[in-house]
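The chain contents come next:
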Number of protein chains: 2
Amino acid sequence: MDAVAELISEAGQRLEPKAIITDPREIEPWAADWRGRVHGATRAIIAPSSTQEVAEFVRLAAEHRVPLVPQGGNTGMAAGATPPPDGSALLLSMRRMNRIRTISAENRVAIAEAGVVLATLHDAAHETGMRFPLTLGSRGSCTIGGLTSTNAGGTQVLKFGTMRSLVAGVEAVLPDGSIHDGLSGLKKDNRGYSLDQLLIGAEGTLGVITAVALRLVPDIAARAVAWAGVESPQRALDLLRFLEARTNAVEGFELVPEDSLRLVLKHIPGTRSPLAGEHRWHVLVEATTADAEHDIDAELQRLLAAALEQGIIGDAVLAANEGQAEAFWKIRDAISEAERAEGQTLAHDVSVAVADMPRFIVEAAEQVERAFPGVIASGFGHLGDGNIHFHVRAGAHAAADWYEREGAEITRFVDDLVVAAGGSISAEHGIGQLKLGEFARLGPPARVHALRAIKHALDPLGIMNPGKLVP
Amino acid sequence: MDAVAELISEAGQRLEPKAIITDPREIEPWAADWRGRVHGATRAIIAPSSTQEVAEFVRLAAEHRVPLVPQGGNTGMAAGATPPPDGSALLLSMRRMNRIRTISAENRVAIAEAGVVLATLHDAAHETGMRFPLTLGSRGSCTIGGLTSTNAGGTQVLKFGTMRSLVAGVEAVLPDGSIHDGLSGLKKDNRGYSLDQLLIGAEGTLGVITAVALRLVPDIAARAVAWAGVESPQRALDLLRFLEARTNAVEGFELVPEDSLRLVLKHIPGTRSPLAGEHRWHVLVEATTADAEHDIDAELQRLLAAALEQGIIGDAVLAANEGQAEAFWKIRDAISEAERAEGQTLAHDVSVAVADMPRFIVEAAEQVERAFPGVIASGFGHLGDGNIHFHVRAGAHAAADWYEREGAEITRFVDDLVVAAGGSISAEHGIGQLKLGEFARLGPPARVHALRAIKHALDPLGIMNPGKLVP
């Protein structure tokens with residue numbers, strides 16, 4: 001029996017039967033990333049139901065030197081939870097650790113196990129009159145452990161930050177099977193390096209997160225959603241600055257190019273343009289209030305009217321009701337889907353300093369379109385975070401294998417522009433497997449060197465998600 | 001020539017003369033901690049004026065295997081910046097790196113070099129209409145590098161968090177002389193483990209911080225300061241919850257026991273009791289607003305009146321003017337000084353979960369006074385952060401060598417109580433040298449193990465502030 005088979009067999013003796021899945025049909029959907037780009041293989045999924053079980057299993061894996069790939073909802077964008085194709089690793093699924101251990105409106109904290117689905121936490125917080133403010137498209141599937149391990153972002157980062165800002169503590173099983181308990185609820189603790197912070201965004205390479213303490217904020221009493229037309233990304237940023245100087249209610253601010261809007265209207269049934277006229281760029285604004293007496297619609301309306309008067313925006317419309325608000329958001333959320341319907345698309349999740357982003361969006365698109373004639377490049381998304389999804393679409397005349405043939409070269413070109421602008425080639429999606437080569441190529445070297453040293457120090461056997469994140 | 005002499009000589013060839021201080025009279029005040037408890041020795045202070053110079057000097061030190069002790073304002077509470085007494089290490093002073101490189105009200109960020117004094121940053125931010133909200137007693141001497149390296153707290157943590165929440169990026173020279181540049185101003189960057197977060201609170205053991213990007217907030221337009229009498233720490237916390245449910249203006253909330261107030265009135269000239277009657281416990285509340293039209297005095301007055309009516313507090317008084325506000329704060333800030341004037345005092349900077357703190361304060365004091373007859377124990381400070389300074393005073397009949405003879409045993413007793421309550425033996429002061437033994441004794445072991453591994457990985461030669469923080 002080889003090491004993997006021995007580990008599966010020993011796990012079968014120590015853990016309950018439900019924790020061990022070896023049926024290939026049950027394994028199959030979890031062995032590839034959800035976009036179907038990276039296909040791995042594994043002989044078993046191990047799904048413990050308690051931190052103690054995870055610790056025991058990690059100790060066994062260390063004994064047998066069998067690598068583990070932690071997995072939550074398998075919704076990652078960088079194939080960070082996909083096992084290698086040679087079957088040498090086991091999937092460590094956190095899906096059965098799905099309890100919300102405590103939730104307290106008074107302390108404004110929830111402690112959720114790694115396998116809790118984000119939407120479930122949203123609902124639980126809502127029931128206590130509170131709110132967990134991070135959200136993103138995959139909220140019905142993604143899990144707290146995965147969100148923490150990837151330092152996920154989403155559409156409300158502007159006001160509340162990424163997961164790193166919302167995590168109050170982390171419980172994790174380290175690569176030697178010891179348990180790090182950061183759930184004490186201490187607001188101040190200066191006993192050395194923050195292991196919590198080290199585990200956030202570590203993509204499971206330093207241990208597996210088993211539970212997380214999360215900050216809650218008061219629930220929303222009302223939201224106002226508006227759509228505005230602007231003539232450039234700089235005007236969009238001007239609008240954000242204008243609003244931020246006058247209210248702290250803005251929590252969503254998404255940039256949409258005209259081109260992306262057209263594709264959504266073309267491919268996504270039931271969508272229609274929020275504004276009557278044409279605008280080169282668009283902005284989706286969401287403002288919220290926790291105060292039921294605050295007329296947030298009136299406030300946003302008044303501010304947008306003032307911005308219009310000052311010539312910052314060309315036009316704007318406020319969603320008249322929740323249905324219209326959802327329709328505005330649907331346009332934003334459907335951009336990637338519409339692009340895929342149109343043809344081949346290369347996605348890049350990049351950031352530069354916020355103030356530099358308007359120029360970057362425009363200039364990088366021009367440079368890419370000049371260097372690769374026929375392609376269409378544009379950026380959309382979280383302008384206020386300095387983070388856009390910079391997509392390059394194959395033109396109408398592209399070959400069927402455009403993605404395979406030209407993708408890597410275009411990505412290198414885009415990444416070089418990002419690095420030249422002092423930016424990051426991974427703003428919110430992580431490195432996983434897909435960006436490992438570019439991270440190795442572009443460094444920075446001091447950071448890569450330090451990452452390798454830390455990885456080796458905490459996981460000397462290399463059993464925690466090898467081949468991910470650390471070049 | 002030994003290695004230290006060789007390093008000093010080589011540094012003399014590479015750095016400008018001002019960067020090398022070897023006169024023992026100039027060295028002496030920096031070789032002991034400011035409270036004069038720990039005396040070290042060094043043959044030179046090296047004070048580079050640029051990041052490049054720091055990097056060059058660290059590379060030289062690594063070549064010669066000479067340990068370095070980074071130092072800012074030398075105001076630390078745990079002797080973390082005090083060199084060992086055998087003269088084997090050199091002091092690396094950051095005081096000449098004292099430029100504010102950039103400050104932008106629009107971006108709400110300042111980039112300050114490590115040697116910038118906190119009060120200087122306060123002033124610079126104020127001039128741009130902004131504010132750097134962290135503050136503490138030593139603001140006229142402590143430096144940005146030291147504050148970051150110790151993850152300092154202070155009196156405004158309730159609203160703005162510790163340094164960890166206020167640092168947007170760190171530039172540091174790592175132990176091999178390479179430069180980590182985290183000053184890019186990216187709001188989102190998921191390229192692996194956060195070295196910035198690892199360096200915050202690392203007390204110079206993983207490298208020396210050379211510059212920090214700091215978040216600014218809008219400047220205060222007005223503040224209201226009040227003093228309230230309550231019957232217990234639980235009532236004090238009730239008051240905080242009451243206020244927080246009704247306003248987000250509260251940013252200071254300090255608990256003061258009657259005993260501490262009496263000592264201040266006795267020993268500190270010019271102080272007088274804010275309230276006429278007697279109360280067992282007191283609270284100093286500070287509320288602020290950035291909105292010049294907001295009558296913050298009226299708001300706090302109204303809320304305290306409501307709290308009085310509900311029986312949460314026994315009495316309260318609002319400072320009538322800035323002079324009275326300063327007088328209230330002076331009482332709080334003078335507690336340690338008054339205690340020292342009264343006699344020998346043992347200080348403990350501890351935290352437990354906020355909700356557990358009222359009971360901890362009362363019960364821990366009772367237990368200590370029972371176990372060590374004659375002593376007086378009490379806790380004061382940042383109740384809303386779950387962080388108090390738990391002081392044990394020698395009684396009137398204590399021997400002159402009480403501190404030396406009984407101090408360590410009492411501290412172990414207190415620390416055991418803290419750990420039993422799930423708390424931290426270092427809430428905001430760090431570990432340094434002074435708490436190293438207790439940290440080693442009380443762990444937690446998984447954390448201590450991880451700290452050692454990380455330290456060894458990033459500083460294999462052990463040249464960055466050895467003998468501090470890592471047990």
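Quick caveat, the model's predicted, so the values are computed rather than measured.

Trainee: Residues and numbers for the overall build of chain A, please.
Mentor: Looking only at helices and strands, one finds 17 helices and 18 strands in chain A. Taking 23 Å as the expected radius of gyration for a compact globule of 471 residues, we find that chain A reaches 23 Å, a close match to that expectation. Along the longest, intermediate and shortest principal axes, the C-alpha atoms of chain A span 70 × 55 × 45 Å. Here chain A holds 471 residues, and 59% of them are scored as buried. Put simply, 73% of the contacts in chain A that link residues at least 6 apart link residues at least 24 apart. Looking at chain A as shown, the accessible area adds up to about 18,100 Å², and 50% of this sits on carbon and sulfur atoms. Of the charged side chains in chain A, 44 are positive and 60 negative, and the gap between their average positions amounts to 2 Å.

Trainee: Can you break down helix α1 (residues 3-14) of chain B residue by residue, with the values?
Mentor: Residue and element names in this part refer to chain B. Between the first and last C-alpha of α1 there are 16 Å, a value that for 12 residues agrees with the 16 Å anticipated at 1.5 Å per step. Within the span of α1, buried status applies to Val4, Ala5, Leu7, Ile8 and Ala11. For α1, the angular spread of buried residues about the axis comes to 160 degrees, placing them on one side. Here the buried face of α1 lies against β1 (20-21), α3 (51-64) and β4 (90-93).

Trainee: Any details on the interface of chain A and chain B? Residues and values, ideally.
Mentor: Counting from both sides, the interface comprises 68 residues of chain A and, opposite them, 69 residues of chain B. Taken together, the two surfaces of chain A and chain B that pack against each other cover about 5,200 Å², and 56% of this comes from carbon and sulfur. Of all residues in chain A, Lys188, Arg191 and Tyr193 of chain A bury the most surface against chain B, accounting for 21% of the area lost on that side. Our count for the contact surface shared by chain A and chain B stands at eight salt bridges.

Trainee: Please set out the pattern of salt bridges residue by residue, giving values where relevant.
Mentor: In a structure, side chains of opposite charge can pair up when their charged atoms sit close to one another. Tallying each qualifying case throughout the model produces 58 salt bridges over all chains. Between arginine 223 of chain B and glutamate 286 of chain B there is a salt bridge whose closest N-O contact spans 2.7 Å. Of this pair, arginine 223 of chain B sits in strand β12 (residues 222-230) while glutamate 286 of chain B sits in strand β14 (residues 281-289), placing them 63 residues apart in sequence. Overall, the relative accessible area of 4% leaves glutamate 286 of chain B in the buried class. Through salt bridges with shared partners, a single network forms among Arg99, Arg101, Glu113 and Glu171 of chain A.

Trainee: Could you give me a rundown of the packing of helix α17 (residues 445-458) of chain A against helix α17 (residues 445-458) of chain B, with the residues and numbers involved?
Mentor: Axis angle and axis distance: for two packed helices, these are the angle between their axes and the distance between the axes, and together they describe the pair. In contact at an axis separation of 8 Å, α17 of chain A and α17 of chain B are set at 140 degrees when each is read in the N-to-C sense. The pairing of α17 of chain A with α17 of chain B is recorded here as oblique in orientation. Note that α17 of chain A runs across α17 of chain B; the crossing there is right-handed. Contacts from Ala450, Ala453, Ile454, Ala457 and Leu458 of chain A in α17 of chain A reach Ala450, Ala453, Ile454, Ala457 and Leu458 of chain B in α17 of chain B. Taken together, the residues of the contact of α17 of chain A with α17 of chain B sort by class into 10 nonpolar, no polar and no charged.

Trainee: Could you give me a rundown of the packing of aromatic side chains, with the residues and numbers involved?
Mentor: A complete count under the given rule lists six aromatic pairs over all chains for this structure. With a centroid separation of 6.0 Å and 65 degrees between ring planes, the pair formed by tryptophan 227 of chain A and phenylalanine 328 of chain A is classed as edge-to-face. Residue tryptophan 227 of chain A is located in strand β12 (residues 222-230), and its partner phenylalanine 328 of chain A is located in helix α12 (residues 322-333); the two are separated by 101 residues in the primary sequence. An identical accessibility class is assigned to tryptophan 227 of chain A and phenylalanine 328 of chain A; each is buried. Above the plane of the ring of phenylalanine 242 of chain B lies arginine 246 of chain B, whose end atom (NZ or CZ) is 3.8 Å from the centre.

Trainee: Account for the sheet that holds strand β2 (residues 45-46) of chain B, naming residues and giving values.
Mentor: Residue and element names in this part refer to chain B. Ordered by their spatial adjacency, four strands build an open sheet running β1-β2-β4-β3, and the pairing between neighbours is mixed. For this open sheet the edge positions go to β1 and β3 (68-71), each flanked by a neighbour on one side alone. Taken together, the two bridges between β2 and β4 define a ladder with parallel strand orientation. Bridging from a neighbouring strand, isoleucine 45 pairs with leucine 91 of β4. Here α3 sits on the sheet and contacts β2, β3 and β4; the angle it forms with β4, its principal contact strand, is near 165 degrees.

Trainee: Give a description of the sheet that holds strand β1 (residues 20-21) of chain A that names residues and reports values.
Mentor: Hydrogen bonding along the main chain pairs the strands of a sheet, whether they run parallel or antiparallel. Residues and elements named next belong to chain A. One open sheet accounts for four strands, arranged β1-β2-β4-β3; its pairing is mixed. Edge positions in the open sheet fall to β1 and β3 (68-71), since each of these has one partner strand only. Across the sheet, helix α3 (residues 51-64) touches β2 (45-46), β3 and β4 (90-93), and the angle it forms with β4 is around 165 degrees.

Trainee: I'd love a proper account of the relation of the copies chain A and chain B, names of residues and values included.
Mentor: Relating the two copies of this chain is a rotation about some axis coupled with a shift parallel to it. Overlaying chain A on chain B yields an RMSD of 0.0 Å, the required transformation being a rotation through 180 degrees with an accompanying axial translation of 0.0 Å. Both copies are brought into coincidence by an operation consistent with a two-fold rotation axis. Most of the interface of chain A is mirrored in chain B, where 100% of its interface residues again form contacts.

Trainee: Go over the environment of glycine 207 of chain B, please, and point to the residues and values.
Mentor: Considering the arrangement of structural elements, one finds glycine 207 of chain B in the loop between α8 (195-199) and β10 (208-215). Excluding residues that lie within four positions of it along the chain, glycine 207 of chain B makes contacts with Val173, Leu174, Pro175 and Met464 of chain B.

Trainee: So what about the pairing of β4 of chain B? Which residues, and what values?
Mentor: All names here are of chain B. Taking every second residue as pointing to the same face, both faces of β4 are buried, with Leu90 and Leu92 on one and Leu91 and Ser93 on the other. By the bridge criterion, four bridges tie β3 to β4 in an arrangement that is parallel. Across the sheet, proline 70 pairs through a bridge with leucine 92, a residue of β4.

Trainee: Which residues make up the confidence of the model for chain A, and what values do they have?
Mentor: Caution applies to low-pLDDT parts of the model: their predicted coordinates are not meant to be read in detail. With 100% of its residues at a pLDDT of at least 70, chain A reaches an overall mean of 95. If you check the scores for this complex, the pTM reads 0.95 and the ipTM reads 0.93.

Trainee: Any chance you could break down the packing of helix α9 (residues 233-244) of chain B against helix α14 (residues 357-371) of chain B for me, citing the residues and the numbers?
Mentor: Residue and element names in this part refer to chain B. Taken N-terminus to C-terminus, the directions of α9 and α14 make an angle of 160 degrees; their axes are 8 Å apart at the nearest point. Considering the angle they form, α9 stands roughly antiparallel to α14. For the pair α9 and α14, the crossing hand works out as right-handed. For the pair α9 and α14, contact is made by Pro233, Gln234 and Leu237 and by Pro358, Ile361 and Val362, respectively. For the contact of α9 with α14, the class distribution of residues is five nonpolar, one polar and no charged.

Trainee: Describe the nonpolar core, naming the residues involved and giving the relevant values.
Mentor: One broad trend across soluble globular proteins is that nonpolar side chains are buried collectively. Ranked by size, the top nonpolar core spans 190 residues in total, and within it Leu239, Phe390 and Val392 of chain A together with Leu239, Phe390 and Val392 of chain B carry the most contacts. The contact partners of phenylalanine 390 of chain A, leaving out residues within four places of it in the chain, are Leu346, Ala347, His348, Val350, Ile361, Ala364, Ala365, Val368, Ala377, Ser378, Gly379 and Val414 of chain A.

Conventions adopted
Residues numbered from 1 in each chain as written. Chains lettered and ligands numbered in written order. Predicted model: local features only at pLDDT ≥ 70, side-chain atom pairs only at ≥ 80, totals over all residues. Heavy atoms only, no water. Helix = DSSP H or I, 4+ residues; strand = E, 2+ residues; numbered from the N terminus. Rg over C-alpha atoms; globule rule 2.2 N^0.38 Å. Buried < 20%, exposed > 50% of the residue type's maximum accessible area, 1.4 Å probe, protein only. Contact = heavy atoms within 4.5 Å. Areas by Shrake-Rupley, 256 points an atom, 1.4 Å probe, with all protein chains shown as cover. Lys, Arg positive; Asp, Glu negative; His and termini not counted. Charge placed at Lys NZ, Arg CZ, Asp CG, Glu CD. Expected span 1.5 Å × (residues − 1). Arc of directions from axis to C-beta. Buried area = accessible area lost by both parts, 1.4 Å probe. Salt bridge = Lys/Arg side-chain N within 4 Å of Asp/Glu carboxyl O. Axes fitted to C-alpha atoms, helices over the stretch in contact; angles between N-to-C directions. Parallel < 35°, antiparallel > 145°, perpendicular 65-115°, else oblique. Left-handed = near helix turned anticlockwise from the far one by under 90°. Nonpolar A, V, L, I, M, F, W, Y, C, P; charged D, E, K, R; others polar. Phe/Tyr/Trp six-rings, centres within 6.5 Å; stacked < 30°, edge-to-face > 60°. Lys NZ or Arg CZ within 6 Å of the ring centre and 35° of its normal. Pairing = 2+ DSSP bridges. Least-squares fit on C-alpha atoms with pLDDT ≥ 70 in both. pLDDT = per-residue confidence, 0-100. Core = buried A, V, L, I, M, F, W, Y, C linked by side-chain atoms within 4.5 Å.

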